[in-house]
Amino acid sequence: MKPRIIALYLPQFHPIPENDQWWGPGFTEWLNVVKAKPLFKGHIQPKLPADLGFYDLRLPETREAQAQLAREAGIEGFCYYHYWFGNGKQLLERPFNEVLNSGKPDFPFCLCWANHSWSNKTWNRKSNMQANSMLLEQTYPGNDDDKSHFLSLLSAFKDPRYITVDGKPLFILYNPWTHARIKEWISNWRQLAHEHGLKGLFLVAMCDSVLSFKLNADGTRSLTMPNLESSADIFQSVFDMGFDAVNSFGRRRGEMLSKGKYTDLAKTIMRKAGLPVSATYDYAKTVKGFFAPEDNWENVFPTVIPNWDRSPRATSWDGIYVGATPEKFKKHLQEAIELVKEKSPEHQIIILKSWNEWGEGNYVEPDQEFGHGWLNAIHDALG
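Calculation criteria
Residues numbered from 1 in each chain as written. Predicted model: local features only at pLDDT ≥ 70, side-chain atom pairs only at ≥ 80, totals over all residues. Heavy atoms only, no water. Helix = DSSP H or I, 4+ residues; strand = E, 2+ residues; numbered from the N terminus. Rg over C-alpha atoms; globule rule 2.2 N^0.38 Å. Buried < 20%, exposed > 50% of the residue type's maximum accessible area, 1.4 Å probe, protein only. Salt bridge = Lys/Arg side-chain N within 4 Å of Asp/Glu carboxyl O. Axes fitted to C-alpha atoms, helices over the stretch in contact; angles between N-to-C directions. Contact = heavy atoms within 4.5 Å. Nonpolar A, V, L, I, M, F, W, Y, C, P; charged D, E, K, R; others polar. Disulfide = S-S within 2.5 Å.

Draft legend 1. How the structure looks around the overall build of the chain. In terms of regular secondary structure, the chain is built from 13 helices and 18 strands. Over its C-alpha atoms the chain spans a radius of gyration of 20 Å, differing by no more than 12% from the 21 Å that the globule rule assigns to 383 residues. In terms of principal-axis extent, the alpha carbons of the chain reach across some 60 × 50 × 45 Å. In the chain, which comprises 383 residues, the share counted as buried stands at 57%.

Draft legend 2. How the structure looks around the pattern of salt bridges. With the rule as written, the count across this model stands at 19 salt bridges. A salt bridge links Asp159 to Arg161, with the shortest nitrogen-to-oxygen separation between them at 3.0 Å. Between Glu360 and Arg313 there is a salt bridge, and its shortest N-O distance comes to 3.1 Å. Taken as a pair, Glu360 in the loop between strand S17 (356-357) and strand S18 (362-363) and Arg313 in helix H11 (residues 311-314) lie far apart in primary sequence, 47 residues in all. Side by side, Glu360 and Arg313 carry an identical accessibility label, which is buried. One connected set of salt bridges, linked through shared partners, spans Glu29, Arg310, Arg313, Lys353, Glu357 and Glu360.

Draft legend 3. Inspection of the packing of helix H3 (residues 60-73) against helix H13 (residues 373-381) at higher detail. Two numbers describe how H3 lies on H13: the axes approach to 8 Å, and their chain directions differ by 35°. Where H3 abuts H13, its residues Leu69, Glu72 and Ala73 lie against Leu375, Ile378 and His379. Classifying every residue of the contact of H3 with H13 by side-chain character gives 4 nonpolar, 1 polar and 1 charged.

Draft legend 4. Inspection of the environment of Ala292 at higher detail. For Ala292, the position within the fold is in the loop between helix H10 (283-287) and strand S14 (300-304). Taking the relative accessible area as the measure of exposure, Ala292 reaches 2% and is therefore buried. Separated by 44 residues in sequence, Ala292 and Ser248 place their C-alpha atoms 8.5 Å apart. Not counting residues within four places of it along the chain, the set of residues in contact with Ala292 comprises Ser209, Ser231 and Arg253.

Draft legend 5. Representation of unusual backbone geometry within the structure. Backbone torsion omega between Lys104 and Pro105 reads -5°, so that peptide bond is classified as cis. Among the secondary structure elements, Pro105 is positioned in the loop between helix H4 (94-102) and strand S4 (109-113). Note that the residue after Lys353, namely Ser354, is joined by a cis bond; omega there is 10°. Looking at the element boundaries, Ser354 is found in the loop between strand S16 (349-352) and S17. For Asn87, which is not a glycine, the phi torsion comes out positive at approximately 55°. Positionally, Asn87 belongs in the loop between strand S2 (77-84) and strand S3 (90-91). You will see that Leu92, though not glycine, has its phi angle at about 60°, which is positive. You can see Leu92 is positioned in the loop between S3 and H4.

Draft legend 6. Looking closely at the state of the cysteines. Tallied over the entire structure, the rule returns 0 disulfides. Of all cysteine sulfurs in the structure, the one in Cys79 sits closest to Cys112, which takes part in no disulfide; the separation is 5.1 Å. Relative accessible area serves as the criterion here: at 0%, Cys112 is assigned to the buried category.

Put into structure tokens, the structure is as follows:
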């Protein structure tokens, strides 16, 4: 049994009225990708697509070609980011809706609710530390909205292509810490799943494996020093909310281990204060520290990344990884495979961040630098 690699999928690459209004007619993130420039010697930008070109996700031919490439690499399915802001407001829903309604491509999928507000930082190429300006706020109106949200996805959950774990549809929440009614939402959705004939829901929370805050019983936060020795308390707090599993993300852990915790924290605080402090990280050295000891827990699903470089979106040196290659990514993925191999087959899940986040530098689609190198790395790591 091969491990289950599920790739996060950004449905952004098509125009929508809101982005036209905020950023100009016809805007998609390809605009940021092609404008990217090297910020220092050895910084490779822009990163440009190869086989699929500057695609438009409204085209079924593009979606079919993506699925074929993923299938050949050994990826089990796509996890589409899903945007529901409350009171029925959605964005970027068209590509997934067309996949669902057309029955094509015949390739497995699941959903990740990207439950974050959109600000002027979301697709902005200015400093990503700029003052916040809200474009669309994430809200959690109550029980009726929980029900409307669930029912809007019921046909997806019942689709034979929908990815399941232990027979239950897999649904990921992007940020469990900011959901104002987290336990209530989980309870409502589990009840609705039962009422509508599903075997249940397999609910997963994305979660950094180190945090600089602690969630108090009253919902407030208190600052705490990140713990690089163990993520057990963090993961257990997510299970205590009612989730079935944790999707652990080790980026900050790896960065702190590669640079030194206090040095890295100090630089991060200075950047957030608006000071011109840059940070680059060696890819291989950083991903070596990605996995927490508890990533081998049965219901913890680790994350792998091929690269990290948000400069196309943010034009700052905020944590750019250097030296990433398909060969180094393959080693990173092999370490994750080794980590999950003792788990039960259904739970040998690795989350790939991401299929196509070109603006963040974490994509595995063919590019002009390495061709099919990222996809070949996945194929080869799976043996």
